[in-house]
Amino acid sequence: MTLTGTLLIGQQSVAGIREAIRAIDPATNQMLEPAYPGGTFEQVEQACALAWTAFDSFRETSLEARASFLECIATQIEALGDALIDRAVLESGLPRARLLGERGRTCGQLRTFARTVRAGEWLDVRVDNAQPERQPLPRADLRQRQVPLGPVAVFGASNFPLAFSVAGGDTASALAAGCPVVVKAHSAHPGTSELVGHAVARAVKQCNLPEGVFSLLYGSGREVGIALVCDERIKAVGFTGSRSGGIALCQAAQARSEPIPVYAEMSSINPVFLFPAALEARGEALAQGFVASLNQGAGQFCTNPGLVIARQGADLDRFIASAAQHIWQSPAQTMLTPGIFSAYRSGVEALGNNPNADIAAAGKADDGPNQCQTHLFVTRAQDFLGDPSLQAEVFGSASLVVTCADDAEIRQVAEHLEGQLTATLHLDDADLDDARALLPVLERKAGRLLVNGWPTGVEVCDAMVHGGPFPATSDPRGTSVGTAAIQRFLRPVCYQDFPDSLLPVALQHGNPLHLRRLLDGQREA
């Protein structure tokens, strides 16, 4: 399809009139056509009104109809073919192979949520049958199910133009829950967003759903986003981005007359703990794996290993020296946007000018625009504990090694950490007792704990947790990846003494959906 630079409000392509955004090819710094004028407050309101009108109908669609809709979105995205990948390459600078994989992940998670919807376990049906003869008081008939919160505002992420964007995990899980979605496209890839947005809109139409189930907005700055969050018809927010952006949305959501939940993924440096026996036995392999993870995607992953923590000594020295050798050979990589590159350069310069951090290695430089040069720094535990700036996220291929005098300092550093998406432990059998002693701290600090792996790479599956304590996310009780993500957009409702004909289908006495219910305290087979 030809890109038009227009908003998508329901089934209508509408021209914005506010300040325009333009995509930039980060490999050349050339602006791309077309321009995308931003939406007005009236257009935000129109999209939210359509979503609200669609809500009561969409939330009661059958499980099969909703699952088929999610599958239809995946099919429509795949039907875009090379046009989608070509535009995403231009707007992100990411390699074609990476974007082909990301498209597969996007469509895969849509189909995974379709499976989840059909199974119906997310409804969490609980039934306590009436006990009219119970003494000293009878019990009413009580039945509970999960219902969707309402229309959801989703903000596209810069680093995943497909999998965390217009039809990414937040959108897929919200639609699976029965919530209409209004997406604010990320300004770095508006053309990619328009292509995917129209694919979703075609699926809405093909499945005969209300047009307000999906809308797509554009806007420079934060005006459109704040207006969207403040609209009283929006009942939850999904966001992946900077800490400042996430906090601004949280503050706006809490200032409403009816505060709403914001599920914001924001900042994480993903500590890696190297235990002594593992470091002694396979320090070279650990160094190679660490640098490969650090360099993946120019370090523009929210699970990038930005911190390494280990006991000082000859084995750690060898690890640092080996990692430095690999980093010196690392070619520069194009970053996603000029803004991300500028922030990375500032973060690296801040570490380079910090008297508490020593540079251990830098990768190959490149004169081209927006080139990420890998960096590794080293600091001591006591300096790390005394300097909050050393814990700041540097979004890109930069990491800091913290050398600790003993296990007590390692625990001090772990306790000092902010909330994280991940924490990784590299260990051998001789390290198990030390690792076991540290686990309670790490469980308090992170949403996903890994042993003998690397945190980059997030599997979309039932057991995945992509979340964690603040500032990794604004609400540590949820995940933005995996089928449990649907739970963020649901709330429980109890029905007392309802006649069977008035009950929702999921709660009727005959269990017509064949759900595994919690029946009188026992889980049905």
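Residues numbered from 1 in each chain as written. Predicted model: local features only at pLDDT ≥ 70, side-chain atom pairs only at ≥ 80, totals over all residues. Heavy atoms only, no water.

In this section: the UniProt feature "domain: Aldehyde dehydrogenase" (unreviewed entry) in the protein. As annotated in UniProt, the feature "domain: Aldehyde dehydrogenase" (unreviewed entry) corresponds to residues 19-460 in the numbering used here. The straight-line gap between the two end C-alpha atoms of residues 19-460 is 37 Å; of that span, 44% is helix and 19% is strand. (UniProt positions renumbered as here; feature names shortened; annotations may be inferred. Helix = DSSP H or I, 4+ residues; strand = E, 2+ residues; numbered from the N terminus.)

Before going further, it helps to examine helix α9 (residues 276-295). In a regular helix each residue adds 1.5 Å, so 20 residues correspond to 28 Å; α9 covers only 25 Å between its end C-alpha atoms and thus falls short of that length. Remark: the principal bend of α9, roughly 95°, maps to R282. G297 lies just past α9 and shows a positive phi near 60°. (Expected span 1.5 Å × (residues − 1). Bend = angle between axes of the 7 residues up to and from the residue.)

Quick look at empty space enclosed by the protein now. By the definition in use, this model includes four cavities of 30 Å³ or more. Of the volumes computed, that of the largest cavity is approximately 160 Å³. For the largest cavity, the lining is made up of 17 residues, of which I269, G306, A392, V394 and A398 are closest to its centre. The residue inventory of the lining of the largest cavity, partitioned by class, reads ten nonpolar, six polar and one charged. (1 Å grid on protein atoms, 1.4 Å probe; cavity = no way out; pocket = protein on both sides within 12 Å on 5 of 7 lines; lining within 4 Å. Points joined across faces, edges and corners; volume = space filled by probe spheres on them. Nonpolar A, V, L, I, M, F, W, Y, C, P; charged D, E, K, R; others polar.)

Take the side chain of T303 next. Residue placement: T303 occurs in the loop between α9 and β15 (307-311). Taking the relative accessible area as the measure of exposure, T303 reaches 1% and is therefore buried. A distance of 3.2 Å separates the side chain of T303 from the backbone oxygen of P455, its partner in a polar contact. Discounting chain neighbours no more than four positions away, the residues touching T303 are N270, L421, T422, R448, P455, T456, G457, V458 and H466. (Buried < 20%, exposed > 50% of the residue type's maximum accessible area, 1.4 Å probe, protein only. Polar contact = N/O pair within 3.5 Å; in protein donor to acceptor, adjacent residues only side chain to side chain. Contact = heavy atoms within 4.5 Å.)

What follows concerns the environment of R516. Tracing the backbone through its elements, the reader meets R516 in the loop between β23 (490-496) and β24 (518-519). For R516, a relative accessible area of 41% translates into the label partly exposed. Each C-alpha atom of the pair R516 and D475 lies 29 Å from the other, and the pair is 41 residues apart in sequence. Every residue in contact with R516, bar those within four places of it in the chain, is listed here: E121, R523, E524 and A525.

Glancing now at unusual backbone geometry. Geometrically, the link from E33 to P34 is a cis peptide bond, its omega value of 0° lying close to zero. By the secondary structure assignment, P34 is in the loop between β5 (30-31) and β6 (36-38). In the segment running from F470 into P471, the intervening peptide bond is cis, with an omega of 5°. Topologically, P471 is positioned in the loop between β22 (446-451) and β23. Not every positive phi belongs to a glycine, and A298 is a case in point at roughly 55°. Assignment of secondary structure puts A298 in the loop between α9 and β15. At N452, a position not held by glycine, the phi torsion is positive, near 55°. Secondary-structure assignment places N452 in the loop between β22 and β23.

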